[in-house]
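Observations on chain architecture
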Amino acid sequence: MSINTLLIALAVLAIIAYWSGVQRAKGSVGSLANIKRLHSRPTYHGLLMLFGIIVPAVILLIGLSAFENSIAEQMMIAQVPQSMLPAEGQSTGLLLTQIRNAAFLGDSADPALLDLNTKWQSIVANLQTIKYGLTLAIPALVAMAIYFKINPTFRARNRVESVVKWILMTCASLAILTTVGIVFSVLFESIRFFNMIPFTDFMFGTHYSPSSDTFGAVPLFAGTALISLIALLVSVPLGLLSAIYLSEYATPRIRAVAKPALEVLAGIPTVVYGVFAALTIAPAIRSFGETIGLSVSSESALAAGLVMGVMIIPFVSSLSDDVINAVPQSLRDGAYGLGSTRSETIRKVIFPAALPGIVGSVLLAASRAIGETMIVVMAAGLAANLTANPLEAVTTVTVQMVTALVGDQEFESPKTLVAFALGLVLFVATLLLNVIALHVVRRYREQYD
Amino acid sequence: MNKHTTEIVKQGLQKRYNAERRFRAYGMFAILISVSFLAVLLTSVIGNSVPAFQESVIELEVDLSQDNLGLSANPTAEELFNGSYENAVKAASYALFDISGRKEKRAIRDLISSGAWYSVRDAVVADPSLLGKPQKLWVLASDNADLYMKGIVTSDMPETARRLSDQQVQWLDELISSNRIQKQFAYTFFTSGDSREPETAGILAALKGSLYTLLVTILLSAPIGVMAAIYLEEFAPKNRLTDIIEVNINNLAAVPSIVFGLLGLAVFLNFFEMPRSAPVVGGVVLSLMTLPTVIIASRAAIKAVPPSIRDAALGIGASQIQTTFHHVLPLAMPGILTGTIIGMAQALGETAPLLMIGMVAFIADVPQSITDPAAALPVQIYLWADSPERGFSYKTSAAIVVLLTFLILMNAAAVMLRKKFERRW
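Residues numbered from 1 in each chain as written. Chains lettered and ligands numbered in written order. Predicted model: local features only at pLDDT ≥ 70, side-chain atom pairs only at ≥ 80, totals over all residues.

1. Overview of the overall build of chain A
Under the convention used in this document: By definition, any uninterrupted DSSP run of H or I lasting at least four residues is a helix, any uninterrupted run of E lasting at least two residues is a strand, and each is numbered from the N terminus. Our radius of gyration is a C-alpha quantity, and the globule rule it is checked against amounts to 2.2 Å times the number of residues to the power 0.38. In this scheme the burial state of a residue depends on its C-beta neighbours within 10 Å: 20 or more other such atoms mean buried, 12 or fewer mean exposed, and anything in between means partly exposed; the C-beta positions come from the backbone. The contact rule is simple: place each C-beta atom from the backbone, and if two of them lie within 7 Å, those residues are in contact.
Helix and strand content of chain A: 15 helices and two strands. Relative to a compact globule of 449 residues, whose C-alpha radius of gyration would be 22 Å, chain A shows 31 Å and is clearly more extended. Out of the 449 residues in chain A, the part that is buried amounts to 40%. Long-range pairs, those at least 24 residues apart, make up 74% of the contacts in chain A between residues at least 6 apart in sequence.

Here is the structure:
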């Protein structure tokens, strides 16, 4: 039975449950004339039956799928003859992979492994049958139990509403679950990495070369910082000045054109910026460098940083725009009343008042920049150079994460696991930047009302 | 004294006015730079994409007799599929000109796409009545011949720079003058999957992969996001848990997308053992990523429904759930849809998490279900951009144009929804 058959069976079951719930409720009061004697409308009885099928089925399907694999592996290990088991305390992962792959090798495989593979397949098939059986049987039982409870005084609506409330809360809690999932998956694999490579070697080592198992991440951090810095040098002045111009000077007509144009910049997928940086900007910078006698790497930090900067302009400008608009009009009027020009008002009154919000938006832009992947994957290099020269090729945290995980993966090797350690650093760094940004905005906000 | 102050002010006035003008110019300059960058980006991409929307085809007289294809007199469907079309096409291409040498044969073979025989096979399988005699068929020209047809490679260029020999150029000119080669709309680009050869590579597989991914994303993130928003706006008590949920949603919105890819790899691929490179995993990961966007937009829409609606419903005896689902939700729907569409547009353009879960493999087959291995449109762009062949650079731009078209359509739909249904209370 495939998953599709199961889903169809569940759907049929759900429809039957709904229909029989409605019928039972109608029948419980004798005739339709007495329908008012029901506490809840028949639909609610049907809905309760429907939830009786769907809710347990979803929980069982996800729950059982999560444990299915580890149970299967346990059962498999129990069947492996003692002689084939790895030494005490060693991982059985390799053996399990060999068993699993034996079928693909066909005749060339070790007959003992081939034999175990047949056993493995029957274990998997049995477990799946059990899983599907449970997913169909338990919801059916739950629905049955509800069915026999239906009578005119049964408070079906209240039950339905409390179930709905629980479903709503579960959906909201998914945000927590996602965060926990991220933290645990990244942390768990990082710990495996740090068991092989000491934490201090990773954080403070200045040489990064996975092929020779050296994982000093400082060049990556420096490269990320360099490219982000270039991006911020482009985006902060341009974004801020655009925001000021749009909110203080622009006529409604200019605003109506320029604001959406800036938003379009935010809507363009990063891979498009990546293509543009790699195929247009980088060669242009390189040939320009050659004409003035500079040697520019074809994967220079400058190209990636410039394009990334343009990508971030809308973030800076729209966030700054909000903060500038939030400065009360009375402050502007006061400054104009004292005879200051518009630019003086902006520089000496509005800018200081909006500063915490602007700093917050710059920090958020920085967190965007360090987490940006596609532009740097396409336009920045792979060589981990420790340099501050924007004309040379540098690599970043995200580039190395992609390089480590794209292609053949072996999960026991630090070459792959390093991606998770880098991901952990990235996650913590962006989280910190966001927390600081929020803190700055809250702590230093001027209260005018 | 009074006059004195005015004097001082007047002295500095010119300077201050100049500063004012300068400041204003800076602002305009900043906007101009941003907008002109956008213009340069769009024109360069669109300009570069034009050649990819046309393809060149060459007319060959292919001998489709059963003997030549190695078929029996009345072949079964399977035999028909396995005929030796490749040799037939090769022989037909040698017959284009009067040649004999091995080198010349090879040179002429290089003018025809190496995948040309697929189209001949498909034509025969679709219509077996073609069998038995020589047929004139239009087949794809090779990448190099195609570039010559489009004028990107010209005969003025030095022979070494154009990857076409003088002999080949002369042949192409002959074909052009006898109308046996022509340009047509690039059907192949829209009807085939990825390929190693630029001329036979298309975006259908990637487009379908993106479509399936987006389908999973919308089926997951729209209901979950809306329900989470309803809970937080209408039911959540003011307590610790609610605070934690809110902080989490805001933080998730700022987590780099590549980290979601790590989550997908560790949890869905390694723990749940879902299939690699499949749209279903991509969809789940992208839905987790877009969830904060959907929740935040939906909350704003729900919040905008005035409390008087709720009070009225509660006043005539509706329960809280009834009030929410019968009255608040329908009124908030346009706003929720707008937010969802914007979230989906974000998901459609997202690449990095898909790289992590293996949707970056070379996949030529068009996916048939959400568990088949597939590429996605942005990933296809990334892959083509990395390919050295010249033809792929145009295909990259063309794929970007297709992607941007979809994004523009989605955003336009969002704007229209907002314009049409937006209500001021």
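2. As for the interface of chain B and chain A
The criterion, for reference: When residue character is reported, Ala, Val, Leu, Ile, Met, Phe, Trp, Tyr, Cys and Pro are called nonpolar, Asp, Glu, Lys and Arg charged, and the others, Gly included, polar.
Taken residue by residue, the interface counts 64 residues in chain B and 67 residues in chain A. Considering only residue class, the side of chain B that touches chain A consists of 48 nonpolar, 12 polar and four charged.

3. With respect to the sheet that holds strand E2 (residues 134–140) of chain B
All names here are of chain B. Rules: Two strands qualify as a pair provided that DSSP identifies no fewer than 2 bridges between them. Note on definitions: angles span 0 to 180 degrees between N-to-C directions of axes, and those axes are lines fitted to C-alpha atoms, for helices only across the stretch in contact.
Read across the sheet, three strands follow the order E2-E1-E3 without closing on themselves; strand pairing throughout is antiparallel. Each end of this open sheet is capped by a strand with a single partner; those strands are E2 and strand E3 (181–185). Each strand axis lies, on average, 35° off the axis of its neighbour in the sheet, ignoring direction. Across five bridges, the pairing between strand E1 (residues 54–63) and E3 is antiparallel. Bridge pairing in E3 places Ile-58 opposite Ile-181. Strand contacts of helix H6 (residues 116–126): E1 and E2, with the helix running at about 130° to E2, the strand carrying the most contacts.

4. Points about the nonpolar core
So the rule is basically this: To form a nonpolar core, buried Ala, Val, Leu, Ile, Met, Phe, Trp, Tyr and Cys residues must be joined through C-beta atoms within 7 Å.
Among the nonpolar cores identified, the biggest contains 212 residues, and Ala-277, Ala-304, Val-307, Ile-375 and Ala-379 of chain A together with Ala-228 of chain B are the most heavily contacted of them. The residues contacting Val-307 of chain A, other than those within four sequence positions of it, are Tyr-273, Phe-276, Ala-277, Ile-281, Ile-375 and Ala-379 of chain A. If you look at the next biggest cluster of nonpolar residues, it comprises 31 residues, including Leu-60, Val-89, Ile-112 and Met-149 of chain B.

5. Some details on unusual backbone geometry
All names here are of chain B. In this structure, Asn-179 is a non-glycine residue whose phi angle is positive, near 60°. On the secondary structure map, Asn-179 appears in the loop between helix H9 (166–177) and E3. The exposure class of Asn-179 is exposed, given the 8 C-beta atoms found within 10 Å.

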